[in-house]
Amino acid sequence: MGFSQALSGLNAAATNLDVVGNNIANSQTVGFKGGSVQFADVYAGAGAGLGTRVAGILQDFSNGNIETTNRNLDLAISGNGFFRLTQNDETVYSRNGQLSLTKDGFLENATGARLMGYPAGQGTGGQPVALNIPAGGLPAVATLGVDSSLNLDATAEGLDTALFDYQDGDTYSYANTGTVYDSLGVQHSMTMYFVKDGANPNQWQVFVGLDGQAPTGPQTLEFDGNGTLTAGMASNYNFTLANGADDLNFDLDFTGTTQFGGDFALNTLTQDGYAAGSLVGISIDEGGNLVGTYSNEQTQVLGTIALANFRNPEGLKAVGDNAWAATGASGQELLGLAGTGVFGDIEAGALESSNVDLTQELVDLIIAQRNYQANTQTIKVQDEVLQNAVNLR
């Protein structure tokens, strides 16, 4: 007669209580994954068993609920995958996306682990690095193309194009002004003058001026009998500037312009230049792109978050701070981007809550407690039987 069976049961029950207690303690930990104990019986040859042992602690990697926080640096993964982070020169993996921007521009969680990914322009072929948000501003970009779509009034009076004078409103049919930028980011006022050709009712001459100076041109727009632009859609304009900037050279494209009976109307006017701007904020889209927003109303992708996954996530080793490390049982990491392959989308302004079912854990706690108490009863009975045997005379 021995106590080994009951003692093994006590040890196993104590481990079960530890695991259930840990689940309950972390029921409010962001990205936490609950665990459960797996038991195995112990035998040595034929006869009564020798008790039980803990065969392993299984982690449940099912998704927790995603809860909105409205904080743009809170991230959740909707689907499979882990955030890849570097901490103390080691790579760890987590589902906790509570991040802050450090003074050095790194995205870091509360324990100092830094989010990893691919810097802008690097591509996704190399190894991920700790993502860094550059503090520098966005340099100015000169206008290279202007797109304008209008309706030119088919009933307008034809004029003698040879008499065009930008200072005399009677010598042109219509004018419109837009903004363009030089290589220094300085704004310039671009004015387009439209003259209906009195010799050809389906032709218009376009002259372009800068900052109120004498315009250049003309660019001839030709329409068919249905008012559709058929020729002269695009032309190039070059202006020499006196402020030290490079010559302003851009293409002016009138694709989509019509000649219908009706008022002159500017439908669209866009250009691709902009002034210099400073970084005013960052956001993260569902593909994991870090998008910088600048004071000049421009946006730019500054990097892309890398996600990792494993053939056997249950083989990952918990290392604390809500993170795991790869092991031989988990297999090597599979790297990818959010929304592709086996990787879920990234949701900004949200966090994944613990997947612990607190009600179920409380029930499991009662069961584990009774299991522990039952094993203590086994020891008590064994002790009484042994005492009776000792007292035999």
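Thresholds applied
Residues numbered from 1 in each chain as written. Predicted model: local features only at pLDDT ≥ 70, side-chain atom pairs only at ≥ 80, totals over all residues. Heavy atoms only, no water. Helix = DSSP H or I, 4+ residues; strand = E, 2+ residues; numbered from the N terminus. Rg over C-alpha atoms; globule rule 2.2 N^0.38 Å. Buried < 20%, exposed > 50% of the residue type's maximum accessible area, 1.4 Å probe, protein only. Contact = heavy atoms within 4.5 Å. Areas by Shrake-Rupley, 256 points an atom, 1.4 Å probe, with all protein chains shown as cover. Lys, Arg positive; Asp, Glu negative; His and termini not counted. Charge placed at Lys NZ, Arg CZ, Asp CG, Glu CD. Phe/Tyr/Trp six-rings, centres within 6.5 Å; stacked < 30°, edge-to-face > 60°. Core = buried A, V, L, I, M, F, W, Y, C linked by side-chain atoms within 4.5 Å. Polar contact = N/O pair within 3.5 Å; in protein donor to acceptor, adjacent residues only side chain to side chain. Pairing = 2+ DSSP bridges. Axes fitted to C-alpha atoms, helices over the stretch in contact; angles between N-to-C directions. Patch = residues over 30% accessible without salt bridge, like charges linked within 9 Å, V, L, I, M, F, W, Y side chains within 5 Å. Salt bridge = Lys/Arg side-chain N within 4 Å of Asp/Glu carboxyl O.

Caption draft 1: Geometry of the overall build of the protein. A count of helical and extended segments in the protein gives two helices and 29 strands. Relative to the globule expectation of 21 Å for 393 residues, the C-alpha radius of gyration of the protein, 36 Å, shows a markedly less compact shape. Looking at the 393 residues of the protein, the share that counts as buried comes to 40%. Considering only contacts in the protein between residues 6 or more positions apart, those separated by 24 or more positions represent 61%. Counting only carbon and sulfur atoms, one obtains 48% of the accessible surface of the protein, whose full area is about 19900 Å². Side chains of the protein give 13 positive and 41 negative charges; the mean places of these two sets differ by 30 Å.

Caption draft 2: Spatial organisation of the packing of aromatic side chains. One pass over the structure, following the stated rule, counts 16 aromatic pairs. A centroid spacing of 5.8 Å and a plane angle of 75° characterise the contact between Phe-194 and Phe-254, whose relative ring orientation is edge-to-face. Highlighted residues: Phe-194 in strand E14 (residues 187-196) and Phe-254 in the loop between strand E19 (248-253) and strand E20 (265-271), separated in sequence by 60 residues. With respect to burial, Phe-194 and Phe-254 carry one shared label: buried.

Caption draft 3: The arrangement of the nonpolar core in detail. Residues Leu-75, Phe-83, Leu-115, Ile-305, Leu-307 and Ile-346 are the most contacted members of the largest nonpolar core, which totals 25 residues. Only strand E4 (74-78), strand E5 (82-87), strand E21 (279-284), strand E22 (289-294) and strand E23 (299-305) provide two or more residues apiece to this core. Leu-75 has contacts with Phe-83, Gly-97, Leu-99, Leu-115, Ile-284, Ile-305, Ile-346, Glu-347, Ala-348, Ala-350 and Leu-351, leaving out every residue within four places of it along the chain. Residues Val-146, Tyr-174, Val-208 and Tyr-237 belong to the second largest nonpolar core, which totals 24 residues.

Caption draft 4: Examining the side chain of Asn-151 more closely. As for its placement among the helices and strands, Asn-151 is situated in strand E12 (residues 145-151). Given the relative accessible area of 9%, Asn-151 is considered buried. Here the side chain of Asn-151 touches Thr-258 through a polar contact of 2.8 Å, side chain to side chain. A distance of 3.0 Å separates a polar side-chain atom of Asn-151 from the backbone nitrogen of Phe-260. Dropping the residues within four chain positions of it, Asn-151 is found in contact with Thr-258, Gln-259, Phe-260, Gly-262, Asp-263, Phe-264, Ala-265 and Asn-267.

Caption draft 5: The sheet that holds strand E28 (residues 345-348), seen in detail. Read across the sheet, three strands follow the order E7-E4-E28 without closing on themselves; strand pairing throughout is antiparallel. In this open sheet, the two strands that pair with only one neighbour each are strand E7 (97-98) and E28. As judged from the two bridges shared by E4 and E7, these two strands associate in the antiparallel manner. By the bridge assignment for E7, Asp-74 is matched with Gln-98.

Caption draft 6: Summary view of the sheet that holds strand E13 (residues 174-181). Spatially, E13-E14-E15-E16-E17 is the arrangement adopted by the five strands of the open sheet, whose pairing is antiparallel. Both edges of this open sheet fall to E13 and strand E17 (229-231), since each of them pairs with a single strand only. The mean inter-strand angle of the sheet, taken between neighbouring strand axes irrespective of direction, is 35°. As judged from the two bridges shared by strand E16 (residues 216-223) and E17, these two strands associate in the antiparallel manner. Along E17, the bridge assignment pairs Phe-223 with Leu-229.

Caption draft 7: Region of interest: the pairing of E13. In this structure, E13 lies alongside E14, joined through eight bridges in antiparallel fashion. Counterpart to Thr-177 in the pairing with E14 is Thr-191. Counting the residues in the hairpin turn of E13 and E14 gives five residues, including Gly-185, whose phi is positive at 85°.

Caption draft 8: The arrangement of a nonpolar patch on the surface in detail. Side chains of Leu-358, Leu-362 and Leu-365 sit close together on the surface and give an oily, nonpolar patch of about 220 Å² of accessible area. Mapped onto the secondary structure, Leu-362 falls in helix H2 (residues 358-390).

Caption draft 9: Spatial organisation of the environment of Thr-327. Mapped onto the elements of the fold, Thr-327 is located in the loop between strand E26 (323-325) and strand E27 (334-336). Each C-alpha atom, one on Thr-327 and one on Lys-317, is 6.6 Å from the other, the two residues being 10 residues apart in sequence. Apart from residues lying up to four places away in sequence, Thr-327 is in contact with Gly-315, Leu-316 and Lys-317. Within polar-contact distance, the side chain of Thr-327 engages the backbone oxygen of Gly-315 at 2.5 Å.

Caption draft 10: Spatial organisation of the pattern of salt bridges. Inspection of the entire model under this criterion finds five salt bridges. Measuring nitrogen to oxygen at the nearest pair gives 2.9 Å for the salt bridge that ties Arg-84 to Glu-333. Highlighted residues: Arg-84 in strand E5 and Glu-333 in the loop between E26 and E27, separated in sequence by 249 residues. For Glu-333, a relative accessible area of 21% corresponds to the partly exposed category. Residue Glu-108 is joined to Arg-114 by a salt bridge in which the shortest nitrogen-to-oxygen separation is 2.9 Å. By relative accessible area, which is 25% here, Arg-114 ends up partly exposed. Members of the salt-bridge network, linked through shared partners, are Lys-33, Arg-95 and Glu-352.

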